[in-house]
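Structural description and commentary
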Amino acid sequence: MCGIVGAIANVNIVPVLLEGLLRLEYRGYDSAGLVVTNHGLQRLRTTGRVTELSKLAAQQEAWGFAGIAHTRWATHGEPSERNAHPHLSEVESRVAVVHNGIIENHEEIRAHLKNQGFKFSSDTDTEVIAHLIAFKLRQTADLFKAVCLSIAELQGAYAIAVMEEAHPERIVAARNGAPLLIGLGKDGNYVASDSSALLQATRDIIYLEEGDVAELNSDGYRIVNCLHNQLGEVVERIVHESHLSNEAIELGPYAHFMQKEIFEQPSAVANTLEMVFNARSISPNLFGSEAEKIFSKTKHILILACGTSYHAGLVARYWMETVAGLPCNVEIASEYRYRDPIADPDTLVVGISQSGETADTLAALSYARKLGHQYSLAICNVPESALIRQTDLRFLTRAGPEIGVASTKAFTTQLASLLLLTVTLAKMRHQLSSESEHQMIAALRHLPAALQNALQVESQVKTWAKGFAKKHHALFLGRGVHYPIAMEGALKLKEISYIHAEAYAAGELKHGPLALVDSEMPVVAIAPNDQLLGKLKSNLQEVHARGGELYVFADADSQITPSEHLHVIRLAEHAGLLSPILHTIPLQLLAYHVALERGTDVDKPRNLAKAVTVE
Ligand code: F6R
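Residues numbered from 1 in each chain as written. Predicted model: local features only at pLDDT ≥ 70, side-chain atom pairs only at ≥ 80, totals over all residues. Heavy atoms only, no water.

On to the sheet that holds strand β10 (residues 188-192). Pairing in this open sheet of eight strands is antiparallel, and the strands run β3-β2-β4-β1-β10-β9-β11-β15 from one edge to the other. At either margin of the open sheet sits one strand with a lone partner, and together these are β3 (41-46) and β15 (240-241). Relative to β15, strand β11 (residues 204-207) runs antiparallel, the two being bridged by two bridges. When the bridges of β15 are listed, D204 appears paired with E241. On the sheet, helix α1 (residues 14-24) packs against β1 (3-9), β2 (31-37), β4 (66-72) and β10 and is oriented at approximately 160° with respect to β1. (Pairing = 2+ DSSP bridges. Helix = DSSP H or I, 4+ residues; strand = E, 2+ residues; numbered from the N terminus. Contact = heavy atoms within 4.5 Å. Axes fitted to C-alpha atoms, helices over the stretch in contact; angles between N-to-C directions.)

Take the domain arrangement of the chain next. Each assigned domain of the chain is listed with its residue range as follows: domain 1 (3-248), domain 2 (254-432) and domain 3 (456-598). Its C-alpha centre places domain 1 at a distance of 33 Å from the equivalent point of domain 2. The interface of domain 1 with domain 2 comprises eight residues on the first partner and nine residues on the second. Where domain 1 abuts domain 2, roughly 790 Å² becomes buried across the two surfaces, and 57% of that area is made up of carbon and sulfur atoms. Among the residues of domain 1 in contact with domain 2, Y26, Y207 and A248 are the three that bury the most area, contributing 57% of the side total. On inspection of domain 1 and its partner domain 2, the count reaches zero salt bridges. In this assembly, domain 1 and domain 2 are joined by two residue pairs in polar contact (both at pLDDT 80 or more). (Domains from an automatic or database assignment. Buried area = accessible area lost by both parts, 1.4 Å probe. Salt bridge = Lys/Arg side-chain N within 4 Å of Asp/Glu carboxyl O. Polar contact = N/O pair within 3.5 Å; in protein donor to acceptor, adjacent residues only side chain to side chain.)

Across the chain, the bulk of peptide bonds are trans and the bulk of non-glycine residues have phi less than zero. A cis geometry characterises the amide bond from H85 onward to P86, with omega recorded as -5°. Positionally, P86 belongs in the loop between β4 and β5 (87-89). Of note in this structure, E61 is not a glycine but carries a positive phi near 50°. Here E61 shows up in the loop between α2 (50-59) and β4. The exposure class assigned to E61 is exposed, which follows from its relative accessible area of 64%. (Buried < 20%, exposed > 50% of the residue type's maximum accessible area, 1.4 Å probe, protein only.)

Attention now goes to the site of the ligand. Taken together, 15 residues lie around the ligand, and S309, S353, Q354, T358 and E495 are the ones closest in. Within the backbone of Q354, an N or O atom sits 2.7 Å from an oxygen atom of the ligand. Burial of the ligand by the protein amounts to 91% of the accessible area it has alone, namely 400 Å². Counting only elements with at least two residues in the shell around the ligand, the list comes to α9 (307-324) and α16 (483-497). For the shell around the ligand, the residue count by class is five nonpolar, eight polar and two charged. Each of domain 2 (254-432) and domain 3 (456-598) accounts for three or more of the residues forming the shell around the ligand. (Near = heavy atom within 4 Å. Areas by Shrake-Rupley, 256 points an atom, 1.4 Å probe, with all protein chains shown as cover. Nonpolar A, V, L, I, M, F, W, Y, C, P; charged D, E, K, R; others polar.)

It is worth spelling out the side chain of S309 at this point. By secondary structure assignment, the location of S309 is in helix α9. For S309, a relative accessible area of 8% translates into the label buried.

This paragraph deals with the packing of aromatic side chains. The final tally for this structure, using the stated rule, is nine aromatic pairs. Residues W63 and F65 carry aromatic rings whose centres are separated by 5.0 Å and whose planes lie at 65° to one another, so their mutual orientation is edge-to-face. Of the residues examined, W63 reaches a relative accessible area of 39% and is grouped as partly exposed. A network of ring pairs unites the aromatic residues W464, F468, Y551 and F553 as a single cluster. For R222, the ring lying beneath its charged end belongs to F144, and the centroid distance is 4.0 Å. Directly above the ring of Y498 sits R606, whose terminal nitrogen or CZ lies 3.8 Å from the centroid. (Phe/Tyr/Trp six-rings, centres within 6.5 Å; stacked < 30°, edge-to-face > 60°. Lys NZ or Arg CZ within 6 Å of the ring centre and 35° of its normal.)

Our next topic: helix α11 (residues 359-371). A rise of 1.5 Å per residue sets the reference length of α11, with its 13 residues, at 18 Å; its end C-alpha atoms lie 18 Å apart and thus fit the reference within 8%. Those residues of α11 not exposed but buried are A359, D360, T361, L362, A364, L365, Y367 and A368. On its buried face, α11 is in contact with β16 (300-305), α10 (333-336), β18 (347-353), β19 (375-380) and α12 (386-390). Phi turns positive, to about 120°, at G372, one or two residues after α11. (Expected span 1.5 Å × (residues − 1).)

The final tally for this structure, using the stated rule, is 27 salt bridges. Here R82 ties to D123 by a salt bridge, and the two come within 3.0 Å at their closest N and O atoms. On the criterion of sequence distance, the pair formed by R82 in the loop between β4 and β5 and D123 in the loop between α3 (106-115) and α4 (126-136) is long-range, its members being 41 residues apart. For R82, a relative accessible area of 38% gives the class partly exposed. You can call D123 partly exposed: its relative accessible area is 37%. Across the pair D392 and R369 runs a salt bridge, and its minimum N-O distance is 3.0 Å. Of this pair, D392 sits in the loop between α12 and β20 (393-396) while R369 sits in helix α11, and the two are 23 residues apart along the sequence. Since its relative accessible area comes to 38%, R369 is described here as partly exposed. Three or more residues joined by partner-sharing salt bridges are found here, namely D142, R170, E215 and R222.

Formed by 91 residues in total, the largest nonpolar core has its most connected members in L420, L447 and F476. Residues from two domains meet in this core; each of domain 2 (254-432) and domain 3 (456-598) gives at least three. Residues in contact with L447, not counting those within four places in the same chain, are V269, L273, A416, L578, I581 and L582. Core analysis: the second largest hydrophobic core is formed by 30 residues, V95, I109, L113 and L154 among them. (Core = buried A, V, L, I, M, F, W, Y, C linked by side-chain atoms within 4.5 Å.)

Now for the packing of helix α13 (residues 409-428) against helix α18 (residues 579-598). Running from N to C, α13 and α18 point in directions that differ by 175°, and their axes come no closer than 10 Å. The angle between α13 and α18 falls in the class roughly antiparallel. Contacts from F411, T412, L415 and A416 of α13 reach α18 at P580, I581 and T584. Taken together, the residues that form the contact of α13 with α18 break down as five nonpolar, two polar and no charged. (Parallel < 35°, antiparallel > 145°, perpendicular 65-115°, else oblique.)

Closest axis-to-axis distance for the α4/helix α5 (residues 143-151) pair is 8 Å, and the angle between their directions is 120°. Comparing the axis directions of α4 and α5 gives the class oblique. Classified by chirality, the crossing of α5 by α4 is right-handed. Seen from α4, the contacting residues are L132, I133 and K136; seen from α5, they are L143, A146, V147, L149 and S150. Of the residues that constitute the contact of α4 with α5, the class distribution is six nonpolar, one polar and one charged. (Left-handed = near helix turned anticlockwise from the far one by under 90°.)

Set out below in structure tokens:
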């Protein structure tokens, strides 16, 4: 999604802005721009990549002590230069704005401002903010107050950074529903939507809270909270030291972030489970100090999530039922928030999100609480995210920053966390003997090595990728707990290779999709040696008999022999509860290598964004 960087310093800030935008590229964008104050506001915008913006900046000798910059992922108005940020109000006071999020009442405000003589030059909701602030500057000469008065009229979720030509010595920033932080540096101060954008300048970060409006100048800042009062009260916010390493957000020896993140999975899972390995026993405290009390009242689980995180939830449902004996519902967050589900105070609501900023997941959790669900738990990869702040309990997947748009290591660390949650609940419900607990810890301790082993199939997967890359469609089949893994495999393939892929529970095949099977339709099957293997083999026969081309990921002990039109890659022997985590790896590798063959932009697939902060 969109990204913001702003800087005000005693030195030229253009290099900091451009590097910040480069570091935000992973979020997904279709245009970029910046404004710097240099004897007036100088604006540069492009529909190309940030490198194009850098070239423009060099050609036009962009230079200044203060500036705001943006990468845009189009919501209102096509991707084009005129819709790219920053947007300017030029009628009276020259005001520049960059914005993440959506202004829901932009049409109303636009109509009002047009009546006041403001002229619009884009199709965006953002432009209304620039004009609204300029309009408020008729009432007050102070940009900070004008921003406070303006945001009181905005509906929706947003993060903004604002500059005024007449006062180049300040940047004003405001947050409501979309992440924004300020960075305190030696030479100046900064604002950004993501701390990785500021690593080149500072590690001292203040995370703004809902309703915060901050004023930055080169040697200071102040923050006022306007949530309950238009003109706000001054507030103190804690300064955090960012421990994000440059290595974590740089490619190193890899060709793509997705490749790096696939291969980081053994260490990502080891980091996520480190506390369990150290403790040698499973304790509810891993999920927060209130966890024991809340878990002891839990009779149902409700999981809310989107996309890949939703697939992790679907796997957890099987575990919850089988291991913990707990009923478990899993809901797509964007659907749940508009239904009339019946609340149950004994239900623990679990929100799963890599980013912790997904608008639908946040809204679904708030809705669940409003309906009467009392307790919530976040499984999330970003400690400072809105999701973490919104829930009673939390467990951090310590996967490190995930830059590739297609989620990989976040998924497997979510699965590891959900398995841990399952066995914790099972233990509290006396469904887990101490012998089983020790066996479980031993299995989890072995998981990083087992993942490393699963990565060894890469060279075999590569040999499949060439043929696959020529196809237009693919079917993915799984049964039981591996059905959501088939869904995840299909999602990975479609989002990065643009091959249309669908997943089916293998037993559903003859109820419709079998009609699609011919030699042009590759069918990928996950065939672990579990209690459903016999059933799955019959489903595979149904495909084989109709001339389908089968690509099977089996366990070493699944006893499936390759033959004509039946390709088999074997993983290690069946891994019991851990099997879905391990079977994820070859599917990620397949999507990655097929995308490479097709020459797509693996890390930044078209039309997609990393954190979906709009509805
Ligand atoms: C797919 C993918 C998305 C996300 C989804 C939810 O590879 O990354 O489907 O899983 O947008 O995002 P989070 O987990 O950040 O809430």
